[in-house]
Amino acid sequence: MAPRRKKLAERRKALGYSQEAFAHELGVAISTVARWEAGATDPQGYVHPKLAKALRITSERLAELLAPAALHPCRPVVYAAGPSVGDTDDMKRRDILSLLAATGALVALPTSGAASPRTGTSAALAETGPELNAHLWKVFCLSDSKQAVYPMVRHQLNLLAKGLGEHQSEASHQRLCTLVGDLYQLAGEIFFDANRYTDAAYCYTLAASASREAGAYDMWACALTRHAFVELYENRFGVAAPILAAASRVAERGDHQLSTRYWVAAVQAEAHAGLGDLDATERALDSAGQVHNLPGEPHNGGWLRFDGSRLAEERGTCYLALGRPDLAEQALTSALSQQLSPRRRGAVLAELAALGVERSDLDQASHYTHAALELAGRTGSGFIGRKLETVKNRLAPLMTDSRASALHQQISALDGAV
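### Description of the side chain of D218
Part 1: By secondary structure assignment, the location of D218 is in helix α11 (residues 217–233).
Part 2: No salt bridge is formed by the buried D218, whose closest oppositely charged neighbour, R261, lies at an N-O distance of 6.7 Å.
Part 3: With sequence-adjacent residues up to four places away left out, D218 is seen in contact with G254, D255, L258, T260 and W303.

### A look at the layout of surface pockets
Part 1: As a volume, the second largest pocket reaches approximately 540 Å³.
Part 2: Every residue lining the second largest pocket is counted, 22 residues in all, and those nearest its centre are L232, N235, F237, A321 and T390.
Part 3: The biggest single contributor to the lining of the second largest pocket is helix α19 (residues 382–394), with six residues.
Part 4: Taken together, the residues of the lining of the second largest pocket sort by class into ten nonpolar, six polar and six charged.

### Notes on empty space enclosed by the protein
Part 1: Using the criterion set out here, one finds two cavities of 30 Å³ or more in the structure.
Part 2: The calculated volume of the largest cavity comes to roughly 480 Å³.
Part 3: Lining the largest cavity are 23 residues; nearest its centre among them are F229, R310, E314, R343 and F383.
Part 4: Elements with a contribution of two residues or more to the lining of the largest cavity: α9 (170–193), α11, α13 (260–274), α15 (311–321), α17 (342–358) and α19.
Part 5: Tallying contributions element by element places α17 first for the lining of the largest cavity, with five residues.
Part 6: Class assignment for the residues of the lining of the largest cavity results in eleven nonpolar, one polar and eleven charged.

Conventions used here
- Residues numbered from 1 in each chain as written.
- Predicted model: local features only at pLDDT ≥ 70, side-chain atom pairs only at ≥ 80, totals over all residues.
- Heavy atoms only, no water.
- Helix = DSSP H or I, 4+ residues; strand = E, 2+ residues; numbered from the N terminus.
- Buried < 20%, exposed > 50% of the residue type's maximum accessible area, 1.4 Å probe, protein only.
- Lys, Arg positive; Asp, Glu negative; His and termini not counted.
- Salt bridge = Lys/Arg side-chain N within 4 Å of Asp/Glu carboxyl O.
- Contact = heavy atoms within 4.5 Å.
- 1 Å grid on protein atoms, 1.4 Å probe; cavity = no way out; pocket = protein on both sides within 12 Å on 5 of 7 lines; lining within 4 Å.
- Points joined across faces, edges and corners; volume = space filled by probe spheres on them.
- Nonpolar A, V, L, I, M, F, W, Y, C, P; charged D, E, K, R; others polar.

Structure below.
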């Protein structure tokens, strides 16, 4: 368990704030303040100025209060050398781009045919890499704050680059390329959640190249599909469509016991919806629904997680884009009744808020927006933030209503995290 931040709680109490009053002052949930003080999560960067003002301290003093208690001497921080995903400093961004460039070159270079020593990095990665990658995906899926996983991923990416630089056999090279194709998809997911779409696209491109080198068709198709997501969230549906068509062709060469081709179809439905094609959207959704006919486990829980459980959410997204509020509400309400992660629940709530705005029902919009804002503040998810940005844009024609204006301001306050 993370060490508690006693100094932060003491300062709050010294100023006469209860946790409830302090949360109200900052515009966050009480549970968020409790998690900060317990050391379970860190306040997002955009909150820091308001936090310092509320506590009547300088930003330097705030940094001291937010620092956890001294770490146990037997538990050193292994991953501290990697840059934080939330840090947009140019030097640190160049660091990840340099790593991408070096790894990409090593993936593409022909092997020497000579195996590296059994004690080399590549040999160790071949033994432990698959299990560690799977563990990192699990941590990512379970973490409220996806960015918190990045230092661990960055450390492992460094090791993969080192292993690729060693002399190795063709078989060893392919094994490492499989690990690269896997882990760079996870790195891309972390950047995507932070709305750093360009960095995510770079990661997905390298993941696709490495997967192709390894002959891993399902992994390759998934990397292409994730790349298409970047275009979808930039509303570049015409650009996403041919990437998804390529992903579909690659997936056909993969393992038909896996759900890869059905996930591609689900994402194709979003592209068709963005292009306004209802018939193509429904055909793609029906195709994606065939995943339920697969026997056994259709995914690996890492770079492939599609099992059809998200189809209600995806239908809602598509019908909202197509201007079919009746169908969208049915699908989204069904999705909300399921067991969802905070990130997925926040996205569904934001789309229900957008539906309320579409109908000029500001009571519905307000109810769902506030619920989504709470989850966005708790998780720091740019994915939820981007969904809420859509709500804000839809509010423009209703701004003469004070309720719409208030919602617009509350979503704008989240912009620093988007």
